[in-house]
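Listed below are the residues making up each chain.
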Amino acid sequence: MKSLTRNETARFLLEHDNYLILSHRRPDGDTTGSSAALCLGLRQLGKTAFVLENKEVSQRFRWLHEGLTRSKPEGNETVVSTDVASPSLLPENAQPLLGGIALRIDHHGSATSFTDMELVDDRSASCAELIWDVLSQMNVKADRTIAEAVYVGTSTDTGCFRYANTTAHTFETAAMCAAAGARVYELNQELFETNTLARLKMQGWIVDHMKMLSDGKMAICAIPRGVEEELGVTPDDMDNISSFPRTVAGVCVAATLRESAEGDTKLSVRAVPGFDASKVTERFGGGGHKGAAGASLKMPLAEAALAVEKAMLELGETYGRNCDCR
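Residues numbered from 1 in each chain as written. Predicted model: local features only at pLDDT ≥ 70, side-chain atom pairs only at ≥ 80, totals over all residues. Heavy atoms only, no water.

**Student:** Run through unusual backbone geometry, naming residues and quoting values.
**Tutor:** For Cys160, which is not a glycine, the phi torsion comes out positive at approximately 60 degrees. Structurally, Cys160 can be placed in the loop between helix 5 (144-157) and helix 6 (168-179). Look at Phe161: it is not a glycine, yet its phi comes out positive at around 70 degrees. Tracing the backbone shows Phe161 in the loop between helix 5 and helix 6. (Helix = DSSP H or I, 4+ residues; strand = E, 2+ residues; numbered from the N terminus.)

Shown next, in the form of structure tokens:
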């Protein structure tokens, strides 16, 4: 595996002409926006580029991929993944491509290399920022469509610029998106200011059922699938729901567990500076950032909740209690 700079990545992309771009499972705004922006930029340069269809993309972000997708590989493309931290995060229809993915563009420091080459910068708040930098070095003109894709990726991965991963470069990228015509106000309203009644009901359920640990420094909540069905929440309603328990005053780290249709468990951990969320998820084969990390546990929800609680308490003894949370 060869590590590339932004400039080397730009040169590589300019040298090829037929691309297939991958996003990750349970796609968020960053992987969807990053893959869309890269596809649009490559097309602007006259190259053939498609995003491999990801059936898990929710209605909230589906508009970003309109007109860009291909249902299956043709077999002769240069394959690039965006915001994919490990091979296990590739959608089912992308799994056969393992071993043939040429380039990974990502910002997860805690990750598993699975490509011939990679551009990985864990100082970047979002993968979309890396895509913006690379496209700029390729002399791609930032039109409104590209700018909005990058803005969605950048804003969602920073919680609308509220998370600790936000940097000066993040704001510079957002400013350039605005200058290129991105509908910043409308996107912010849609992504961060609007809640459905079902989502508000889910937040209320979480308040009633989350468990406080380590003298209120930690919180954990396990959400059965039956509750999601009863409340009528959609995938869009549940997007970033794992950040909600972390908003409780005094909580340094929060874990949210959700039961999947297959009976296993999805774990999401959020943390403030001073606590490394990935230290929890790494115990279960996952990864991510210090502030946000995740894992998939091949065990029932109740069993997974006990295992995660034990892991959190063990780590809390090390440094979790030292967090000065407000």
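**Student:** Describe the pattern of salt bridges, naming the residues involved and giving the relevant values.
**Tutor:** Evaluation of the coordinates by the stated rule reveals 16 salt bridges. A salt bridge links Arg60 to Asp239, with the nearest nitrogen and oxygen atoms 2.0 Å apart. Of the two residues, Arg60 sits in helix 3 (residues 59-62) while Asp239 sits in the loop between helix 10 (235-238) and strand 10 (253-259), which places them 179 residues apart along the sequence. A salt bridge links Glu77 to Arg70; the nearest nitrogen and oxygen atoms lie 2.9 Å apart. The exposure class assigned to Glu77 is buried, which follows from its relative accessible area of 11%. (Salt bridge = Lys/Arg side-chain N within 4 Å of Asp/Glu carboxyl O. Buried < 20%, exposed > 50% of the residue type's maximum accessible area, 1.4 Å probe, protein only.)

**Student:** Quick one: what's the story with the sheet that holds strand 2 (residues 18-22), residue by residue and with numbers?
**Tutor:** One open sheet accounts for seven strands, arranged 1-7-6-5-2-3-4; its pairing is parallel. Either end of the sheet is taken by a strand with one partner, and the two such strands are strand 1 (2-3) and strand 4 (69-70). Seen against the sheet, helix 2 (residues 29-44) touches strand 2, strand 3 (48-52), strand 5 (78-82) and strand 6 (101-106) and runs at an angle of roughly 165 degrees to strand 3. Along the sheet, helix 4 (residues 127-137) contacts strand 5, strand 6 and strand 7 (117-120); its crossing angle with strand 6, the most-contacted strand, is approximately 115 degrees. (Pairing = 2+ DSSP bridges. Contact = heavy atoms within 4.5 Å. Axes fitted to C-alpha atoms, helices over the stretch in contact; angles between N-to-C directions.)

**Student:** How would you sum up the layout of surface pockets? Please name residues and give values.
**Tutor:** Taken as a whole, the second largest pocket holds about 200 Å³ of empty space. Together, Arg25, Glu53, Asn54, Lys55, Glu56, Ser71, Pro91, Glu92 and Asn93 line the second largest pocket. Class assignment of the residues belonging to the lining of the second largest pocket gives a composition of one nonpolar, three polar and five charged. (1 Å grid on protein atoms, 1.4 Å probe; cavity = no way out; pocket = protein on both sides within 12 Å on 5 of 7 lines; lining within 4 Å. Points joined across faces, edges and corners; volume = space filled by probe spheres on them. Nonpolar A, V, L, I, M, F, W, Y, C, P; charged D, E, K, R; others polar.)

**Student:** Describe the nonpolar core, naming the residues involved and giving the relevant values.
**Tutor:** Of all hydrophobic cores here, the largest spans 45 residues; its most connected members are Leu13, Leu38, Leu42, Leu103, Ile105 and Met138. The element best represented in this core is helix 4, accounting for seven residues. For Leu38, the contacting residues outside a window of four places in its chain are Leu13, Ile21, Val80, Thr82, Ile105, Ile131 and Leu135. (Core = buried A, V, L, I, M, F, W, Y, C linked by side-chain atoms within 4.5 Å.)

**Student:** So, the packing of helix 4 against helix 5: which residues are in play, and what are the values?
**Tutor:** The N-to-C vectors of helix 4 and helix 5 enclose an angle of 145 degrees; their axes lie 8 Å apart at closest approach. Of helix 5, the residues touching helix 4 (which contributes Ala128, Glu129, Trp132 and Leu135) are Ile146, Ala147, Val150, Gly153 and Thr154. Grouping the amino acids of the contact of helix 4 with helix 5 by side-chain chemistry returns six nonpolar, two polar and one charged.

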